[in-house]
Protein chains: 2
Amino acid sequence: MKKTLEKKSSVSVLSGGVGGAKLVLGLSHLLEPDDFVVIANTGDDFRHLGLKICPDIDTLIYTLANLVDEERGWGLKNETWNFLKSLKRIGGEDWFNLGDSDLAIHIERTRRLAAGETLSVITKDLLTSVGVKYTVLPMTDSTVSTIVETLDGPLAFQHYFVRDRCLPSVRSFHFDGIEKATPNPLIIKQLKNNAYSSVLIAPSNPFVSIDPILSVPTLKKSLLSVKGPRVAVSPIIGGKAIKGPAAKMMNELGVPVNALSIANHYRGFIDGIIIDEIDKDLSTEIEDTGAQVLVTNTVMNSLKDKISLANECMKFIGSFGDQR
Amino acid sequence: MKKTLEKKSSVSVLSGGVGGAKLVLGLSHLLEPDDFVVIANTGDDFRHLGLKICPDIDTLIYTLANLVDEERGWGLKNETWNFLKSLKRIGGEDWFNLGDSDLAIHIERTRRLAAGETLSVITKDLLTSVGVKYTVLPMTDSTVSTIVETLDGPLAFQHYFVRDRCLPSVRSFHFDGIEKATPNPLIIKQLKNNAYSSVLIAPSNPFVSIDPILSVPTLKKSLLSVKGPRVAVSPIIGGKAIKGPAAKMMNELGVPVNALSIANHYRGFIDGIIIDEIDKDLSTEIEDTGAQVLVTNTVMNSLKDKISLANECMKFIGSFGDQR
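Residues numbered from 1 in each chain as written. Chains lettered and ligands numbered in written order. Predicted model: local features only at pLDDT ≥ 70, side-chain atom pairs only at ≥ 80, totals over all residues.

### Structural notes on the sheet that holds strand β13 (residues 272–276) of chain A
Whether parallel or antiparallel, the strands of a sheet pair through hydrogen bonds between backbone atoms. Residue and element names in this part refer to chain A. As a reminder of what qualifies: Strands are treated as partners if at least two bridges between them are detected by DSSP. Helical segments are the DSSP runs of H or I of at least four residues, strand segments are the runs of E of at least two, and each set is numbered from the N terminus. Helix axes are fitted only over the stretch in contact, all axes being lines through C-alpha atoms; the angle between N-to-C directions runs from 0 to 180 degrees.
Taken in spatial order, the 7 strands line up as β5-β2-β1-β9-β10-β13-β14 in an open sheet, and their pairing is parallel. With partners counted over all chains shown, the strands left at the sheet margins are β5 (135–138) and β14 (292–296), one partner each. Sheet twist, expressed as the average angle between the axes of neighbouring strands with direction ignored, equals 25°. Pairing analysis gives 5 bridges linking β13 to β14, with the strands arranged parallel. Within the sheet, the bridge partner assigned to Ile274 lies in β14 and is Leu294.

Shown next, in the form of structure tokens:
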């Protein structure tokens, strides 16, 4: 019976980088490796200096391995930056932060991709190599590139995000290559086998972290076929995003910067949404969108916060019972 | 008249890595950028972790820019090694020493080669970027790979040299790709224009540093057409090599480990050889090979030593006058 119960609350977590990784870390302290799988955004991935860089996957790996620099939320702790200094000296492009230790993952992955291995296999091996038993599946092994359409013209995501520090005003997004992308076959296989019965959207940027995942052909449909509930955690808390440009983007897109807009964004896909206590007054309006609401603390500063929110997520998912 | 005189003593220096770079540094303290050109061995170059690495060119660049780690003779001073530690953690190949700062040159060069630029152009830009006005010309822009035939089988040079620490016993060498290699067109152009009237073989390994250069089709012939003398500095001093496996190789090849063997190795190509004071008793025998001999201190520990040997080389070259 225990196994059935576990399977009942098993979950596919859709995640981008820093915010999502925090919740995923919380989940890893509550659940066994078989209990959840992370479906990671790869729209942020890009080639830089000839290296294939997968920022969200790396943040997930480093976070799960307790190697992440907690203050920044990305990259490795105790990092050094001598490569970048040296690159600058010889006139190279130094706007993207590549730490000395961090380079290993980029160089090794680039080498293996060039040898014909898939991002999925490489990601699995990287997780194993740093002692992580949890599963992170790239949304696709195809190349998909998030393009931010701005008033200054189209920008590849990392150029918008890092080089231009999110300053250009956003009009829309598109995911280059998405039409031809095939979902990671492991994800589809697991969803078909009902290996993970529910879906949890981490508090990641809806436009550039979650939408790319949901835009991979057939993937959304597969996620809509799970037996259990689909719930999201709002990345907007009291009108702000904890990290990243989500709030700024919503503002520029003319969408009210609040959890209601997040619920509307995922309308028709989610059965429930977790919002912060500061936003509890929005509950009724959000429920009118068709999503059940759980109000709790969603700010994840300490590890305790992360585990606590993860626990709330799992309880919320469990609360739907057989009603779907 | 000064210009004519300068041109008369201008020199093409054939060089490998550490030992050659020391003499080249000495020359740079004596001569103007137009007075000499370094023709660098690229047989040691290889692809490692997807990166194109040119050890001899890098040693020359770092040495001329006063960035080299003087104790090691290669790589950058104040180097850190966090990339390698991190690479080891994720199970990557960590036998080749790639420092954090050093990585910049490999990544930037690999990127530019992939974009279709030549090694010659990239090398020139790298020298300029670190403030070096002297010229280092790769012997070829083609790919040539030195293979060491050992009793354990054939080994790519860096595998023999670094990974296996020169332990396997050497039988012969060959330079993969040499038949199809074309000499760096700038070298041929300059030799045709008599831009450099003499040739100086630096105290580099004759088998794996100088022979690859002399084996590039037509290059030796072009070097034989210069108006001035061709002289070598013996890398063997008192039966030993200052650095590297030259002495061990000679031993395994059944060649007496002394400066006479070096003179014999270059017989027919050189007009003179510079040997160390410790080897002065070999002078008569060496002169019997047809090469004039200059005896001087050839050990280059201090910068003063390097300049002093460079000065001896230029004086020796000048001493041939119009006799050729």
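### Some remarks on the interface of chain B and chain A
Going by this rule: Contact between two residues is assigned whenever their backbone-derived C-beta positions fall within 7 Å. In this classification, Asp, Glu, Lys and Arg are treated as charged, Ala, Val, Leu, Ile, Met, Phe, Trp, Tyr, Cys and Pro as nonpolar, and every other residue, Gly included, as polar.
Between chain B and chain A, the contact holds 25 residues from the first and 25 residues from the second. Of all elements in the fold, only α4 (82–89), α5 (103–114) and α6 (119–129) of chain B reach the threshold of two or more residues within the side of chain B that touches chain A. Tallied by class, the residues present in the side of chain B that touches chain A amount to 11 nonpolar, 9 polar and 5 charged.

### What about the relation of the copies chain B and chain A?
Think of it as a corkscrew move, a rotation about one axis and a shift along it, taking one chain copy to the other. Condition: When the copies are superposed, the least-squares fit draws on C-alpha atoms of residues that have pLDDT of at least 70 in both.
Superposing chain B onto chain A takes a rotation of 180° plus a shift of 0.0 Å along the axis, which leaves an RMSD of 0.0 Å. The symmetry that links the two subunits is that of a two-fold axis. When each C-alpha of chain B is compared by its distance to the rotation axis, Asp100 of chain B comes out closest, at 2.8 Å. Residue by residue, 100% of the interface of chain B is reproduced at the interface of chain A, so both copies engage with the same surface.

### Digging into the environment of Phe173 of chain B
Residues and elements named next belong to chain B. With respect to the helices and strands, the residue Phe173 is situated in strand β8 (residues 170–176). Distance from Phe173 to Thr150, taken between C-alpha atoms, is 8.7 Å for residues 23 residues apart in sequence. Sequence-distant contacts of Phe173, that is, excluding residues within four places in its chain, are made with Thr146, Ile147, Val148, Glu149, Phe207, Val208 and Asp211.

### Focus on the sheet that holds strand β14 (residues 292–296) of chain B
Residues and elements named next belong to chain B. Read across the open sheet, the 7 strands follow the order β5-β2-β1-β9-β10-β13-β14; overall the sheet is parallel. Here the strands that pair on one side only, and so sit at the sheet edges, are β5 (135–138) and β14. Strand after strand, the sheet turns through a mean of 25° between neighbouring axes, direction not considered. In this sheet, strand β13 (residues 272–276) lies alongside strand β10 (residues 230–233) in parallel orientation, the contact comprising 3 bridges. The residue bridging Val233 from the neighbouring strand is Ile274, located in β13. Taken strand by strand, helix α2 (residues 18–30) contacts β1 (11–15), β2 (36–40) and β10, and its axis lies near 155° from that of β1.

### Description of the packing of α2 of chain B against helix α3 (residues 55–64) of chain B
All names here are of chain B. Condition: It is the rotation of the near helix from the far one that decides the hand of a crossing: anticlockwise by less than a right angle makes it left-handed, clockwise makes it right-handed.
At a closest axis distance of 9 Å, the pairing of α2 and α3 adopts a crossing angle of 35°. Crossing angle aside, the handedness with which α2 passes α3 is right-handed. Contacts between α2 and α3 involve Val18, Ala21, Val24, Leu25 and Ser28 on the former and, on the latter, Thr59, Leu60, Thr63 and Leu64. Grouping the constituent residues of the contact of α2 with α3 by class yields 6 nonpolar, 3 polar and no charged.

### Some words on α2 of chain B
Residues and elements named next belong to chain B. Note the threshold: Each residue after the first adds 1.5 Å to the expected span of a helix. Note on burial: count the other C-beta atoms lying within 10 Å of the residue's C-beta; 20 or more is buried, 12 or fewer is exposed, in between is partly exposed, and C-beta positions come from the backbone.
Between its first and last C-alpha, α2 extends 19 Å over 13 residues, near the 18 Å set by a 1.5 Å rise per residue. For α2, the tally of buried residues reaches 11 of 13 residues, placing the bulk of the element in the interior. The complete set of buried residues in α2 reads Val18, Gly19, Gly20, Ala21, Lys22, Leu23, Val24, Leu25, Gly26, Leu27 and Ser28. Buried residues along α2 sit against β1, β2, α3, α9 (206–215), β10 and α14 (303–319).

### Topic: the environment of Val130 of chain A
Following the sequence through the fold, Val130 of chain A ends up in the loop between α6 (119–129) and β5. Leave out the neighbours within four places in its chain, and Val130 of chain A touches Ile61, Ala65 and Leu67 of chain A together with Arg89 and Ile90 of chain B.

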